[in-house]
Amino acid sequence: MATWSAPGKVFLFGEHAVVYGKPGIAMSIKPRVMVTVRHSRYFQRPNSPYIAECFKLLDIKGSVYVRSQLPSASGLGSSAAVTVATLFAINDEFQLGYSRAEVAELAHEVEKITQGGRASATDTYVSTFGGMVLIRGEEKRRLIPPQNLSIVIGNSMVSHNTSEMVRRVAEFREHSPAVANPIMDAIGAITMEAMHNMENHKELGNLMNRNHALLEALGVSHPALSNLVLAARSAGAYGAKLSGAGGGGCIWALCSKGSRNRVANALEDCDAKTIITTIDTEGARKEADL
Ligand code: PMV
C-alpha cells in the first residue's frame, strides 16, 4: 500500500491565456488531496476519469482510496492534485521508478487526455513541485515566493467545468480573434509585470484586479464571482480575482494579516465557503499509510 498527497493551487495570474502560450503564474496552497493505492487482483473502475486514466496510461490494475480537503470542480486544481497523487502512489506501490519530473509530465498527459486535448501544464506542475511557478509554453520556472502571503479563498459553490470554459474561450478566439487576442496579450503583460512586483502586495493586488477584469472580458466570470471579488476588495483586500477556468468555482483575495478575517467574513456574508490559507512550498509527498 502507498499513500501520497498533493496540494491544490491558485492561479495568481494568466489562466486561459496560458493555454495559448502566454505566461501564467500559479502557486500551491495548503489544502491537499491524499490518495492510497494498493496492489489488487480486482480492479474496480474509479469514479474519477482522471484516476481511471492514470491506471490506463500506466497499464496497472489496483485499488484506490481518495481523501480530499480540496473542493472539486472549483478552480483550486483538485483534478490535478488527484492525478499527481495517484500517479506518485502507483509509481511507489508498483516500483515503476519514474522521477518527479517524469510524473509531472505523465500527469499533464492525463489532464490533456481527460480534458479533450487542451490543458496547460500549470496545475500538474505546481501540484508536483509545490511553491510558485511561472509557466510559458514549454518553459517552467520555479519562482521565489513573496513573504507573508495571506490568502482568502471564496468558493462561490457554483460548479464549473474546466473543459467547457476552455472550449468557450477557444470558440471566442476563433470567432473574434481581433478582440480575443489583445485580451490574451494584456493578461500576459500583467503576468510579466507581476514578476517585477512580487514583494509589493499593493501592486500585486492592483494587477489581480486588472487580470480579473480581463477574464470578465473573455467571458469566463460569473455574477457570483464578480460579487465575491467586489466584496473582498470592499472589505480591505489588496486585490481579488477568480482562479482557474471560471464560470463558477473560486475567487482568491490577497490580504494583509490584519484584514484576512474581515475579508473572509465579507465573503461568507455573500454565501461563499471560505478558506484562509497561504502558500504550500512542498509538492507531492509520501504520507504514512493508514
Ligand atoms: O479550473 P482549473 O483549476 O482546472 O484551471 C484551469 C486553468 C486554465 O488556464 C483555464 C486551463 C489550463 O489548462 O491551464
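How each quantity is defined
Residues numbered from 1 in each chain as written. Predicted model: local features only at pLDDT ≥ 70, side-chain atom pairs only at ≥ 80, totals over all residues. Heavy atoms only, no water. Helix = DSSP H or I, 4+ residues; strand = E, 2+ residues; numbered from the N terminus. Buried < 20%, exposed > 50% of the residue type's maximum accessible area, 1.4 Å probe, protein only. Areas by Shrake-Rupley, 256 points an atom, 1.4 Å probe, with all protein chains shown as cover. Lys, Arg positive; Asp, Glu negative; His and termini not counted. Charge placed at Lys NZ, Arg CZ, Asp CG, Glu CD. Disulfide = S-S within 2.5 Å. Domains from an automatic or database assignment. Contact = heavy atoms within 4.5 Å. Buried area = accessible area lost by both parts, 1.4 Å probe. Salt bridge = Lys/Arg side-chain N within 4 Å of Asp/Glu carboxyl O. Near = heavy atom within 4 Å. Polar contact = N/O pair within 3.5 Å; in protein donor to acceptor, adjacent residues only side chain to side chain. Nonpolar A, V, L, I, M, F, W, Y, C, P; charged D, E, K, R; others polar. Phe/Tyr/Trp six-rings, centres within 6.5 Å; stacked < 30°, edge-to-face > 60°.

### Looking at the overall build of the chain
A tally of helices and strands in the chain yields 9 helices and 10 strands. Along the three orthogonal principal directions, the C-alpha set of the chain runs to about 55 × 45 × 35 Å. The 290 residues of the chain split such that 56% are buried. For the chain, the exposed area adds up to about 12400 Å²; of that, 48% sits on carbon and sulfur atoms. Here the chain carries 30 positive and 27 negative side-chain charges, and the mean point of each set is 2 Å from the other.

### Details of the state of the cysteines
The full count for this structure, using the stated rule, is 0 disulfides. Cysteine 270 supplies the cysteine sulfur nearest to cysteine 250, a cysteine that is in no disulfide, at a spacing of 14 Å. The exposure class assigned to cysteine 250 is buried, which follows from its relative accessible area of 1%.

### A word on the domain arrangement of the chain
Along its sequence, the chain is organised into domain 1 (2-144) and domain 2 (150-277). With centres defined by C-alpha atoms, the gap from domain 1 to domain 2 works out at 22 Å. Contacts between domain 1 and domain 2 engage 30 residues on the former and 40 residues on the latter. Note on domain 1 versus domain 2: buried area summed over both sides is about 2800 Å², and carbon and sulfur give 70% of it. Contact with domain 2 buries surface across domain 1, with Phe13, His16 and Tyr20 losing the most and accounting together for 26% of the total. At the boundary of domain 1 with domain 2, the tally comes to 2 salt bridges. Notably, a salt bridge pairs lysine 241 with glutamate 15, separated by 2.9 Å at the nearest N-O pair.

### Describing the site of the ligand
By nearness alone, 16 residues border the ligand, and Lys9, His16, Ser120, Thr162 and Ala245 come closest of all. Within the contact set of the ligand, an oxygen atom lies 2.9 Å away from a backbone nitrogen or oxygen of histidine 16. Here the ligand loses 96% of its free accessible area of 380 Å² to cover by the protein chains. For the shell around the ligand, the class distribution of residues is 6 nonpolar, 7 polar and 3 charged. Both domain 1 (2-144) and domain 2 (150-277) contribute no fewer than three residues apiece to the shell around the ligand.

### Notes on the environment of alanine 178
For alanine 178, the location among the structural elements is in helix α6 (residues 177-195). The sequence separation of alanine 178 and valine 263 amounts to 85 residues, and the corresponding C-alpha distance is 37 Å.

### Things to note about the pattern of salt bridges
Under the counting rule described, the total for this entry stands at 13 salt bridges. With a closest N to O distance of 2.8 Å, aspartate 185 and lysine 22 form a salt bridge. Placement of aspartate 185 in helix α6 and of lysine 22 in the loop between β1 (2-13) and β2 (24-39) is noted, with a sequence separation of 163 residues between them. Taking relative accessible area as the criterion, lysine 22 reaches 24% and is therefore assigned partly exposed. Residue arginine 141 is joined to glutamate 139 by a salt bridge in which the shortest nitrogen-to-oxygen separation is 3.2 Å.

### Considerations on the packing of aromatic side chains
Tallying each qualifying case throughout the model produces 2 aromatic pairs. Aromatic side chains tryptophan 4 and phenylalanine 88 sit 4.8 Å apart centroid to centroid with 15° between the ring planes, which places their arrangement in the stacked category. Of this pair, tryptophan 4 sits in strand β1 while phenylalanine 88 sits in helix α2 (residues 78-93), placing them 84 residues apart in sequence. The same class applies to tryptophan 4 and to phenylalanine 88, which are both buried. Seen in terms of ring centroids, tyrosine 125 and phenylalanine 129 are 4.6 Å apart; in terms of plane orientation they differ by 35°. Their pairing is tilted. Here phenylalanine 129 and tyrosine 125 lie together in helix α4 (residues 122-129), a separation of 4 residues that amounts to about one turn. Each member of the pair, tyrosine 125 together with phenylalanine 129, is buried.

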